[in-house]
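Breakdown of the fold
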Amino acid sequence: MVYIKDLAKYEGKEVEMKGWNAQKRDSKGIVFMTFRDGTGFVQCVIDLNAVGNDQFESAKKLPQESSLSITGKVVKDERQFGGYEVHATAVKIIAEAQEYPVTPKEHGIDFLMDNRHLWLRSKRQWAIMRIRNEIIFSIHKFFQENGFVQMDAPIFTGNACEGTSTLFETDYYGEPAYLSQSGQLYGEAMAMAQGLIYTFGPTFRAEKSKTRRHVSEFWMIEPEMAFYDLKMDMDVIEKFVQYIVGSVLDKCKSELSVIERDTTYLEKVRQPFIRMKYDDAVSIIKGEKDVNGRTSLQMLDEEEKGLQSSIITLQKDIEEREKKIASGELKKGEINFNKAKVDQLKNDIKDLEEKLSNMPQWLNSAKNFERGNDFGGSDETVLTKMFGQPVMVHTWPGAVKAFYMKEDEELQGYAKGVDLLAPEGYGEVVGGGERETDLEKLKRKIVEHDLPMQAFEWYLDLRKYGNIPHSGFGLGLERMVTWICGLPHIRESIPFPRYYGRLFP
Ligand code: 4AD
Ligand code: MG
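I will try to describe carefully the structure that is included in this document. Here the structure is a predicted model, which means the values were calculated and not measured.

Read from one edge of the open sheet, three strands run E7-E9-E8, paired in antiparallel fashion. The strands lining the two open edges of the sheet, one partner per strand, are strand E7 (156-157) and strand E8 (169-172).

Put into C-alpha cells, the structure is as follows:
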C-alpha cells in the first residue's frame, strides 16, 4: 500500500492506495474521483475501458465517503493538487457509505459543528489540523533544542492561578478541586529543580460568553526560566514565535494554500517584534500619539473609507453581471456562473457592511479608552493595525494582572508582565512576565486577590528556599493556530472544541 504523500516517488509506476471517496463527478465513461487517504488528496481517473464495466459502475454510483482501494498508475499533472493524478486499473469497494451529511455544498456553522466528527475529513479542516501538528512539533523542537525539559503540571488543582472567576470546580473524593487554568505555579517549582522547563498540557477556563477567541478547554505551553528577567523573557517569546511561524511557512506551503492563507503578515514575523510599555500603547490606541505620522483615529478613518469604496466596487460588479444575465446573450452555464457569483458578491458586501457598521463603535472605544484598564479585543486590534506586526506590550498596571506578577521597582503600581499581540485582529496569543520574589508582597497580593492563603503555602516555599529571579510565559495553542491559519473563529483550531454551549460531539 502506498500513501498519497509519497506518490512522487512512484511516478509512472502502478500503486495500490486505500482511502475514501471525498467527491466525484462522471462524464462520458470516466469517473473523476477526489480520493483521500489521510495523508493527502489526489484525483483518480477511473476509465470504463481500463477497469471494465462492473468496477466502473460500482465507482460511478459510489456514495461520498465510502471506503475503497484503488490500484492505478501515477501520472504527473502540474494542474492537480499535489502535482499528480492516478489512472485507475482496479477499484475495490471496502464499505459503501450511507448518505453522507457533509456535502461539498455550503453548510451553516451550527450544522458543521454538530457534525464535527465528520467535518474533520474535509480538505480545509484536514489542512488546518496538519498545520496544528506542525506548530506542536516545532514547539517541542524549539524547547528541546534550547535545553528546556518538558514537565507536566497536574490538571486537578487545589488553588486558582488566574483568578477565581473562570474556575471549573469538580468533586475530588468529596473535596472541591479545580481543573487547572494554568500550569505556571507548578512550572515555577519545576524550574527550581531543572532550570529551564516547559509544560504542554490542557487548561480550562469557564468563560460564559461566546467570542471568537475563547474556548473553555485549550492547550497551553508554559516555559519557566530560572534567573531570567522580563527582558530575557521577551527575547525568548520573540525567538520562539518566530521559530514556530517560520516552521509553518517553510513546511506547510501546500496546507496554507488549501486554506488560501495570505501569508504577507506572517512573513513579517521574521522581523524583530515591536516592544512598548502599556502607557505608550494606550497613548497610541487613544490617538494621542502617532506611529509614523499617523494616529489611530486617522487609521480607522482611512479604513472606514476603504470599506465604503470596496462596497461600491462590489455593487458595480453585481450591476454589470445582472445586466449581462438580463441581456439574453449568455449561455445557460454562463448565466448560472454569474448568478452564483452575484450571490457570493452580495455575501461579501454583507460582511463589509457589518465591519463598516462597527467602525463608529471602534473609533469611540479607542478614543475613550480609560488608562489603567485591561485591553479588550478591539483595543488590541487597533494597536496591532498600526504596525501590521506582532507587538509586545509590557509594564502593565498591577491591578489588571495576576497576583504572582513582579512589581516594577521603578514605576509604582506597575507590574513586569508582557502580552504578545498578534496582528490582523488576532490579539493576545502570549501572556507572561517576571514573577514576584518578595515573600511579603506575595502574601499581601494573595490576600488582596481574596485567595485562600493555605492553598498557596507550598508555592510560597519556593520563595523561602533558594529564592531567585525567574520568568515565564504561556502560549495558547489554539490562539496560535487561529492566527497562523487566519481562521475567523477559534473553534476550527482544535479537533473537538469545548466552548460555552457546546459539549458534543
Ligand atoms: O494570559 P494568561 O491567562 O496567562 C497565564 O495563564 C499565565 N499563567 C501564563 C504564564 O505566564 N505561564 O493565558 C496565557 C495564554 C493567553 O495569552 C492566550 O493565548 C491563552 O493562554 N488563553 C486562551 N486561549 C483560548 N481560550 C481561552 N479562554 C484562553 N485564555 C487564555
Ligand atoms: Mg493574558
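Another point: the site of ligand 1. By nearness alone, 24 residues border ligand 1, and Glu162, Gln184, Glu222, Glu428 and Val429 come closest of all. The side chain of Glu162 places a nitrogen or oxygen atom 2.7 Å from a nitrogen atom of ligand 1. Between ligand 1 and the protein, one listed contact pairs an oxygen atom with a backbone N or O atom of Val430 at 3.5 Å. Bound to the protein, ligand 1 loses 93% of the 620 Å² it would expose on its own. Broken down by secondary-structure element, the contributors of at least two residues to the shell around ligand 1 are strand E11 (217-226), strand E15 (427-434) and strand E16 (470-476). Across the shell around ligand 1, the residue classes tally to eight nonpolar, eight polar and eight charged.

What follows is about the pairing of strand E5 (residues 84-95). In this sheet, E5 lies alongside strand E3 (residues 41-47) in parallel orientation, the contact comprising three bridges. Its bridge partner being in E5, Cys44 is matched across the sheet by Val86. Here strand E4 (residues 67-76) pairs with E5 via 10 bridges, running antiparallel. Note on E5: the bridge partner recorded for Lys73 is His87.

Glancing now at the pattern of salt bridges. Here the structure, examined in full by the defined rule, presents 35 salt bridges. Glu492 serves as the salt-bridge partner of Arg124, at 3.2 Å between the closest nitrogen and oxygen. Of the two residues, Arg124 is situated in helix H5 (residues 123-145) and Glu492 in the segment after helix H16 (477-485); the sequence distance between them amounts to 368 residues. For Glu448, the salt bridge is made with Arg444, and the minimal N-O distance between the two is 3.5 Å.

Attention now goes to helix H6 (residues 184-194). Those residues of H6 that sit buried are Gln184, Leu185, Tyr186, Gly187, Glu188, Met190 and Ala191. Buried-residue contacts for H6 involve E7, strand E10 (196-204), E11, helix H15 (457-464) and E16. Trailing H6 by a residue or two, Gly195 shows a phi angle of about 85 degrees, which is positive.

This brings us to empty space enclosed by the protein. Summed over all chains, the structure comprises two cavities of 30 Å³ or more. Its boundaries defined by the atoms lining it, the largest cavity holds a volume of some 50 Å³. Arg212, Arg213, Tyr426, Arg479, Thr482 and Ile490 are the residues that line the largest cavity. Looking at the lining of the largest cavity residue by residue, the class counts come to two nonpolar, one polar and three charged. Volume-wise, the second largest cavity comes out at about 30 Å³. Thr157, Asn159, Cys161, Ser180, Gln181, Ser182 and Tyr186 are the residues that line the second largest cavity.

With that settled, the discussion passes to the sheet that holds E3. In spatial order, the strands read E1-E2-E3-E5-E4; together these five strands close into a barrel with mixed pairing. Sheet twist, expressed as the average angle between the axes of neighbouring strands with direction ignored, equals 50 degrees. In terms of strand pairing, strand E2 (residues 30-36) meets E3 through seven bridges, oriented antiparallel. Bridging from a neighbouring strand, Arg36 pairs with Phe41 of E3. Against the sheet, helix H2 (residues 53-60) contacts strand E1 (14-27), E2, E3 and E5, and its axis sits at roughly 85 degrees relative to E5.

One finds Ile135, Ile139, Phe240, Val241 and Trp483 to be the most contacted residues of the largest nonpolar core, which totals 50 residues. Contributions of two or more residues to this core are made by H5, E10, E11, helix H7 (230-251), strand E14 (414-422), E15, E16 and H16. Ranked by residue count, the leading element in this core is H7, at 10 residues. Beyond its immediate stretch of four places on either side in the chain, Phe240 contacts Ile139, Phe142, Phe143, Ile221, Phe473 and Leu475.

So, on to the environment of Lys60. On the secondary structure map, Lys60 appears in helix H2. Take Lys60: its relative accessible area is 34%, and that puts it in the partly exposed class. Measuring from C-alpha to C-alpha, the distance between Lys60 and Ser27 comes to 9.8 Å, with 33 residues separating the pair along the chain. Beyond its immediate sequence surroundings of up to four residues, Lys60 is in contact with Lys24, Asp26 and Val31.

Here we come to the packing of helix H14 (residues 439-448) against H15. Viewed as axis vectors pointing N to C, H14 and H15 meet at an angle of 160 degrees, and their least axial separation amounts to 10 Å. Between H14 and H15, the interaxial angle falls into the category roughly antiparallel. Crossing hand, H14 versus H15: right-handed. Within the contact between the two elements, H14 uses Leu439, Leu442, Lys443 and Ile446 and H15 uses Tyr459, Leu460, Arg463 and Lys464. The residue makeup of the contact of H14 with H15, split by class, is five nonpolar, no polar and three charged.

What counts, and at which threshold
Residues numbered from 1 in each chain as written. Chains lettered and ligands numbered in written order. Predicted model: local features only at pLDDT ≥ 70, side-chain atom pairs only at ≥ 80, totals over all residues. Heavy atoms only, no water. Pairing = 2+ DSSP bridges. Helix = DSSP H or I, 4+ residues; strand = E, 2+ residues; numbered from the N terminus. Near = heavy atom within 4 Å. Polar contact = N/O pair within 3.5 Å; in protein donor to acceptor, adjacent residues only side chain to side chain. Areas by Shrake-Rupley, 256 points an atom, 1.4 Å probe, with all protein chains shown as cover. Nonpolar A, V, L, I, M, F, W, Y, C, P; charged D, E, K, R; others polar. Salt bridge = Lys/Arg side-chain N within 4 Å of Asp/Glu carboxyl O. Buried < 20%, exposed > 50% of the residue type's maximum accessible area, 1.4 Å probe, protein only. Contact = heavy atoms within 4.5 Å. 1 Å grid on protein atoms, 1.4 Å probe; cavity = no way out; pocket = protein on both sides within 12 Å on 5 of 7 lines; lining within 4 Å. Points joined across faces, edges and corners; volume = space filled by probe spheres on them. Axes fitted to C-alpha atoms, helices over the stretch in contact; angles between N-to-C directions. Core = buried A, V, L, I, M, F, W, Y, C linked by side-chain atoms within 4.5 Å. Parallel < 35°, antiparallel > 145°, perpendicular 65-115°, else oblique. Left-handed = near helix turned anticlockwise from the far one by under 90°.

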